[in-house]
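# Architecture at a glance
So the chains spell out like this:
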There are 2 protein chains.
Amino acid sequence: MKQYSHWDHVFKLDPEKPISDESLKRICRSGTDAIIVGGTDGVTFENVSDLIDRIRPYELPCALEVSDLEAVVPEFDTYLIPMVLNSQDKHWLFDVQHQAIKEYGDIIDWSQTLAEGYCVLNPDAKVFQKANCTVPQAEDVVAYAKMAEHLLKLPFFYVEYSGMYGDPDLVRQVAAELNETRLIYGGGIQNAAQAEEMSALADTIVVGNVIYENIEAALETVPAAKRKKEDGVR
Amino acid sequence: MKQYSHWDHVFKLDPEKPISDESLKRICRSGTDAIIVGGTDGVTFENVSDLIDRIRPYELPCALEVSDLEAVVPEFDTYLIPMVLNSQDKHWLFDVQHQAIKEYGDIIDWSQTLAEGYCVLNPDAKVFQKANCTVPQAEDVVAYAKMAEHLLKLPFFYVEYSGMYGDPDLVRQVAAELNETRLIYGGGIQNAAQAEEMSALADTIVVGNVIYENIEAALETVPAAKRKKEDGVR
């Protein structure tokens, strides 16, 4: 079984946002399954290096979600390559990844490199605007999930509400389509109840912004996600 | 082992082009591994139905390369879904496929449905123009192959020179990148010598136009491809 198939809960840390040593320690010792480092803007080699150096001592799995080639730091366990399925441009779906592979293909460790099929559903999110997305209908999202599972056989399908809590009904419809491809839910999880709700539907939930807004609430999402999994959901 | 991993040689029949019963019989009894039905223009439900009904009695594997949703006939063993990697438009890489899945996703038999990562290398080909392709450099093609193999894990990478004999050096470079993903070569194979040359490099060669121009030469490509494989190449 692949390491990431145990991930029920992950925290996503934005290298542009400051975090105290004490908060970082609590996040890393929270019982979460992994840390993803990633952000839309202001991701640099320096701030990524700094963050991974501070996370590494806690010995939990670390993934870098690659958004900027200049910021690929070679100390992560896993590199996640987002492909924005509902971008209007081939650029964000395929061409940036192609350019990256053209440049770095010979040194990439493919066993550590995993594609994420992203579906960005919050039109106010920075990533939605940056990647020139369109708002898909529910049936579009379901068809993206089918493509991810059956045609592209992607390891991850990422329903990203970035900054906004999502629609559980849509997440449920997507979950029903996925078997081999793991469903990641991210966006707007602010408390244990929301973590529990989305954990009942998605394989992995990602908790991000609330770390910087309310660390106590962020920490409570970990046992909530684990509790839901122990109930045997998904 | 998957059925298509035995394919050394396939004939591609264009449903728009007439073929006599005698020629069709010789093609189907040639020892080729499979027939692909597909074309760029003028593919209709009627001409595809007509052709598959004429091929079926010969009991060899038949694949439909889907180019027009209106022409998807439900009698094939395999459905090949081309994704044009070097198109400039997301449309030909991803969106037509997404629309098809949105419409027909519930009735698709996924075990019969396989994505082909297409790289179209002849700027004079109809498919190049229709899919608004760019001419990639050798290193672009190699990077596409790496994406197909490692990131997208596509079953097929299709080097398509459509109507023009290709560059064996480039095919060799691509072949060196592929292990799990099978390399299909198509384009301009007119005789046994060319069949032998490309068979030494690619997993599968596709022979098309010459069927309609010189059936004797077309038939000679089958033993040529098989001979090369028996030599133990690839």
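The interface of chain A with chain B comprises 31 residues on the first partner and 31 residues on the second. Across the chain A to chain B interface the summed buried area is about 2,900 Å²; carbon plus sulfur atoms make up 72%. Contact with chain B buries area across many residues of chain A, yet Lys 90, Phe 94 and Leu 151 of chain A alone supply 23% of it, more than any other trio. Counting across the interface, chain A meets chain B through four salt bridges. Among the salt bridges present, the one from Lys 146 of chain A reaches Asp 106 of chain B, with a minimum N-O distance of 2.9 Å. Broken down by secondary-structure element, the contributors of at least two residues to the side of chain A that touches chain B are β4 (78-84), α3 (90-104), β5 (113-120) and α5 (138-151) of chain A. Tallied by class, the residues present in the side of chain A that touches chain B amount to 15 nonpolar, nine polar and seven charged.

Right, let's get into the environment of Ile 184 of chain A. Residue and element names in this part refer to chain A. For Ile 184, the location among the structural elements is in strand β7 (residues 182-186). Relative accessible area serves as the criterion here: at 4%, Ile 184 is assigned to the buried category. Residues Ile 184 and Glu 160, 24 residues apart in the sequence, show an inter-C-alpha distance of 8.1 Å. Contacts of Ile 184, omitting those with residues within four sequence positions, involve Glu 116, Phe 156, Phe 157, Tyr 158, Val 159, Thr 204 and Val 206.

Turning our eyes to something else, we now look at the relation of the copies chain A and chain B. Least-squares fitting of chain A to chain B yields an RMSD of 0.0 Å, with the superposition described by an axial translation of 0.0 Å and a rotation of 180°. Here the symmetry operator amounts to a two-fold rotation axis. The position closest to the rotation axis in chain A is occupied by the C-alpha of Lys 90 of chain A, lying 2.2 Å away.

This part is about the pairing of strand β1 (residues 9-13) of chain A. Residue and element names in this part refer to chain A. Of all five residues making up β1, five are buried, and the element is well covered by its neighbours. Of the strand pairs in this sheet, β1 and strand β8 (residues 204-207) are connected by three bridges, and their pairing is parallel. By the bridge assignment, Val 10 is partnered in β8 with Val 206. In this sheet, strand β2 (residues 34-37) lies alongside β1 in parallel orientation, the contact comprising four bridges. If you follow Lys 12 over to β2, its bridge partner there is Ile 36. Traced from β1 through helix α1 (residues 21-28) to β2, the parallel crossover comes out right-handed.

Our focus in this paragraph is helix α5 (residues 138-151) of chain B. Relative to the 20 Å expected for 14 residues at 1.5 Å per residue, α5 of chain B spans 19 Å between its end C-alpha atoms, a close match to the ideal helical length. Of all 14 residues making up α5 of chain B, 11 are buried, and the element is well covered by its neighbours. For α5 of chain B, the complete set of buried residues consists of Asp 140, Val 141, Val 142, Ala 143, Tyr 144, Ala 145, Lys 146, Met 147, Ala 148, Glu 149 and Leu 151 of chain B. Of the surrounding secondary structure, the elements contacted by the buried residues of α5 of chain B are β4, α3 and β5 of chain A together with β5 (113-120), β6 (156-160) and α6 (168-177) of chain B. A positive backbone phi angle near 50° is found at Lys 153 of chain B, which sits one or two residues after α5 of chain B.

Here Asn 132 of chain A, not a glycine, exhibits a phi torsion of approximately 50°, which is positive. Looking at the element boundaries, Asn 132 of chain A is found in the loop between α4 (126-130) and α5. Look at Glu 59 of chain B: it is not a glycine, yet its phi comes out positive at around 55°. Glu 59 of chain B gets classed as exposed once you look at its relative accessible area, which sits at 72%.

Residues and elements named next belong to chain A. Under the counting rule described, the total for this entry stands at 14 aromatic pairs over all chains. Measuring from ring centre to ring centre gives 6.0 Å for Phe 76 and Tyr 79, while their planes differ by 70°; the resulting arrangement is edge-to-face. By relative accessible area, which is 5% here, Phe 76 ends up buried. Linked through ring pairs, Tyr 4, Trp 7 and Phe 156 together constitute an aromatic cluster.

Cut-offs applied
- Residues numbered from 1 in each chain as written.
- Chains lettered and ligands numbered in written order.
- Predicted model: local features only at pLDDT ≥ 70, side-chain atom pairs only at ≥ 80, totals over all residues.
- Heavy atoms only, no water.
- Contact = heavy atoms within 4.5 Å.
- Buried area = accessible area lost by both parts, 1.4 Å probe.
- Salt bridge = Lys/Arg side-chain N within 4 Å of Asp/Glu carboxyl O.
- Helix = DSSP H or I, 4+ residues; strand = E, 2+ residues; numbered from the N terminus.
- Nonpolar A, V, L, I, M, F, W, Y, C, P; charged D, E, K, R; others polar.
- Buried < 20%, exposed > 50% of the residue type's maximum accessible area, 1.4 Å probe, protein only.
- Least-squares fit on C-alpha atoms with pLDDT ≥ 70 in both.
- Pairing = 2+ DSSP bridges.
- Right-handed = clockwise from strand over helix to strand, strands pointing away.
- Expected span 1.5 Å × (residues − 1).
- Phe/Tyr/Trp six-rings, centres within 6.5 Å; stacked < 30°, edge-to-face > 60°.

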